[in-house]
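Here are the chains, one letter per residue:
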Amino acid sequence: MTDTPSTPDAADRKPLVTPNFITEIIEKHLEEGKYPTVVTRFPPDPSGYAHLGHIFASFLDYRTAAQYGGKFNLRMDDTNPELVKQEYVDSMVDDLKWMGLDWEDRLYYASDYFGRYYEYAEQLVRQGDAYVDSVSAAEMSRLRGNAHTPGTPSPYRERSVEENLDLLRRMKAGEFENGAHVLRAKIDLSSPNMKLRDPVLYRIVKHPHFRQGDAWCIYPAYDFEHPLQDAIEGVTHSMCSLEFVDNRAIYDWLMEKLAFDPRPHQYEFGRRGLEYTITSKRKLRRLVQEGKVSGWDDPRMPTIRAQRRLGVTPEAIRHFASQIGVSRTNRTVDIAMYENAVRDDLNHRAPRVMAVLDPIKVTLTNLNAGQTLSLPYWPFDVVRDSPDGLVALPGGERVAPEQAVRDVPLTREIYIERDDFNPEPPKGYKRLTPGGTVRLRGAGVIRADDFQTDDAGQVTHIHASLLGEDAKAGGVIHWVSAEKALPAEFRLYDRLFRVPHPEGENATDDDDSAGISEHDAEQAQTPVDAGYMRYLTPDSLQVRRGFVEPSVLSDPSDTRYQFERQGYFWRDPVDSKEDALVFGRIITLKDTWAKDQKAEGAKQPAKKASSNVAGDAKGISGEGGAEAQKAQPKQPSLSPEQEAEVARLTALGAAEADARTLAKDDALLAFVKGAVQDASFAQVASWIVNDLAVGVRAGDVKVKAADLAPLAHMLAEDKITTRVARDALARAAASGDAPAAIIEREGLNAGLSDEDLQKAIEAVLNVNLDKVEAYRGGKTALMGFFTGQVMRSTGGKAQPQKVAEALKAALEG
Ligand SMILES: NC(=O)CC[C@H](N)C(=O)O
């Protein structure tokens, strides 16, 4: 990959994660002093490539730790020797780093602890908490019973400790074949939680491991190794998705039996699937194997490598990540949220140039000598909105707007898009027509005087004349010099699947982050439901051969461009060569999906991608844009009125995701109408969506939307913490008081001066001299206790991170 690694950007600034039920738990723990610091981990299996589905969980782990000044570990959950590979480790590390995750030097491997897990296994056996079972897998499953029938003990359940130890050691020594025995926890065969019915802890798998070689022939089950590794590494909050909810009981059982203290806890969050996307490794593999895509890095694939190749930036990924809310239920994220994050990032990153994808030649009959025009890279709105007044050159260097220009040759022969000339124009067509005029972007107005067609009636050539300064035209089109432009291949990608839920409405992944499955080899053999294959979009890749203006040749090869009216593109990092340029479309200028559906009924369905898409005219007052926008989607996810609402709310500052939620819901929409339209709007909208929505829908939120702005201002000015704000919000919702009034009344906005913080710290230390002694003697875990005490005595007004720093100074300085 040629693109540069990411740098921190606005999306990384606080709050790192929007408050959610997990941060609430963490804040409570910090207050209680339960843990010295927050430690999280992201534990992918290195049995495939990182993909879009990993974004949510990995950023949740990473940002949660960052928010509380804690630590974040990357963990390779590499316990299944048959599936894990170095190649996957390397690519995951590379992709996650590229996304901007930072685990410092804490990249850990589950396999590095095989020796320790084994010791714990022997301990369980000695305690009488585990036994070697020797029934077949089928028998074991039969004996386990089901939801209505309790399990039956295996004939081997009551083996003596000695016999169990002997068998376990011989399993480890390699005396038995795969499947001959397993080690099981002895928990509860009649538990309503099936996972507790004596889960398997170890299996015999005679297969070398990519890091351990032949050192082992028994491998620990996920349910055994995962909690242990959390405990060994001092993880405090072990987050995983909802499928693991029943596994938590095993986690807790192990922690108790092995007496870890302090011990980690597992918390489950709702999964976040993405519309139009599948992430199951086995399903994706089939697409690769059957040649539906060119490989794992085919830009249409949901893998991070594919998205990198497509040209998505890490900033866009991070922005997307920060928009996904955390909750206890599974949800599918609107694909538009991802696509808009990509688009919004490129809007201010991608200089505008021109490329003609489906060329038709135009001779400017009255242009005798060629000229070189100097055209700006940026439209006025990007210049206007630039925070520093500067704009970027293709290499990224920021310069004054008047310097951000490139040379564009204008010659007697040029190319325009085939679709921009129509001999039989429909009503309202404002591009070139016989005898009509159109403006060539940056070059003046032309009039089509004449055109030729081939035997099939296809237009082959247009003769036009360049008109004077004051000539008028209804539309603007892009063009390139036929003599100087560079030939290039253009790849137009579309969504790989044509339905939002290619796996069916309620599908969850069959493997992958769905957990246990891939750790337990037997599961990987269950057949894959191939239903998703029939939802592949036909022609999700369309190739065009056209021309791009010559200025691009001197730009860095990783420059992202907006080809005017065509979309965002960059050179395909794999296939593009200096003398054979290949540009891939990163994203269209707008959500064209709904328009494509409409095109099915239109005259030239085959042309949909090039013609109907060529709409938007950011910086070009083109007619194509107006036409395309008139198209009404057949089955819009939001109605045109709702879309207009989204546009209005985002213009006021609301995050796209919040705006969509609001626009879809009349109750919320009515409520937000009362909000003050100033800089606080984004925060207020977010509170309405995240904190008040349930109450608003139920009609029992008493606070007025207009009263939220002062609260948001206090927060923005750091006069109060997020916690204080949300507490006040909750109370205001119930009482109808203005939240700011509650805060004033109770002095919660007094803030906490450094001096007050010092005083609070001294007070806490003074009444806990024994603990201060112990801390200085090495019991540093007491930091959590002190932090909690200070947080409490300051009524939640202090920032936990600041408290921790000041405490450290007081205790160690
Ligand atoms: N606890 C978890 O988050 C599950 C981790 C497991 N390695 C997986 O990717 O499915």
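Attention here is on the structure that accompanies the text. Here the structure is a predicted model, which means the values were calculated and not measured.

Right, let's get into the side chain of Asn20. Here Asn20 lies in the segment before helix 1 (21-32). If near-sequence neighbours (up to four positions away) are discounted, Asn20 is found in contact with Val326 and Arg726.

Where helix 23 (residues 722-735) contacts helix 24 (residues 739-746), the axes come no closer than 8 Å and their chain directions differ by 115°. Between helix 23 and helix 24 lies a crossing whose hand is right-handed. Listed contacts from helix 24 to Val724, Ala728, Arg731, Ala732 and Ser735 of helix 23 are Pro739, Ile742, Ile743 and Glu746. Of the residues that constitute the contact of helix 23 with helix 24, the class distribution is six nonpolar, one polar and two charged.

With that settled, the discussion passes to the pairing of strand 29 (residues 581-587). Strand 29 sits mainly inside the fold: seven of its seven residues count as buried. Two strands pair when backbone bridges link them, and strand 25 (residues 486-493) and strand 29 are joined in this way by four bridges, in the parallel orientation. Counterpart to Ala488 in the pairing with strand 29 is Leu581. Judged from the four bridges that link them, strand 28 (residues 567-571) and strand 29 form a sheet pairing that is antiparallel. Opposite Trp570, over in strand 29, you have Gly584 as the bridge partner.

What follows is about the sheet that holds strand 12 (residues 352-353). One open sheet holds the seven strands; their spatial order is 12-27-28-29-25-26-13, and the pairing between them is mixed. Looking at the sheet topology across the chains shown, the edges are occupied by strand 12 and strand 13 (355-356). Sheet topology note: the strand 25/strand 26 (residues 541-548) ladder contains eight bridges and is antiparallel. Following the sheet pairing, Leu486 is matched in strand 26 by Val548. Packed on one face of the sheet, helix 12 (residues 335-347) meets strand 12, strand 28 and strand 29 and runs near 120° to strand 29.

Definitions and cut-offs
- Residues numbered from 1 in each chain as written.
- Predicted model: local features only at pLDDT ≥ 70, side-chain atom pairs only at ≥ 80, totals over all residues.
- Heavy atoms only, no water.
- Helix = DSSP H or I, 4+ residues; strand = E, 2+ residues; numbered from the N terminus.
- Contact = heavy atoms within 4.5 Å.
- Axes fitted to C-alpha atoms, helices over the stretch in contact; angles between N-to-C directions.
- Left-handed = near helix turned anticlockwise from the far one by under 90°.
- Nonpolar A, V, L, I, M, F, W, Y, C, P; charged D, E, K, R; others polar.
- Buried < 20%, exposed > 50% of the residue type's maximum accessible area, 1.4 Å probe, protein only.
- Pairing = 2+ DSSP bridges.

Without other data, these values stay purely geometric and don't point to any function.
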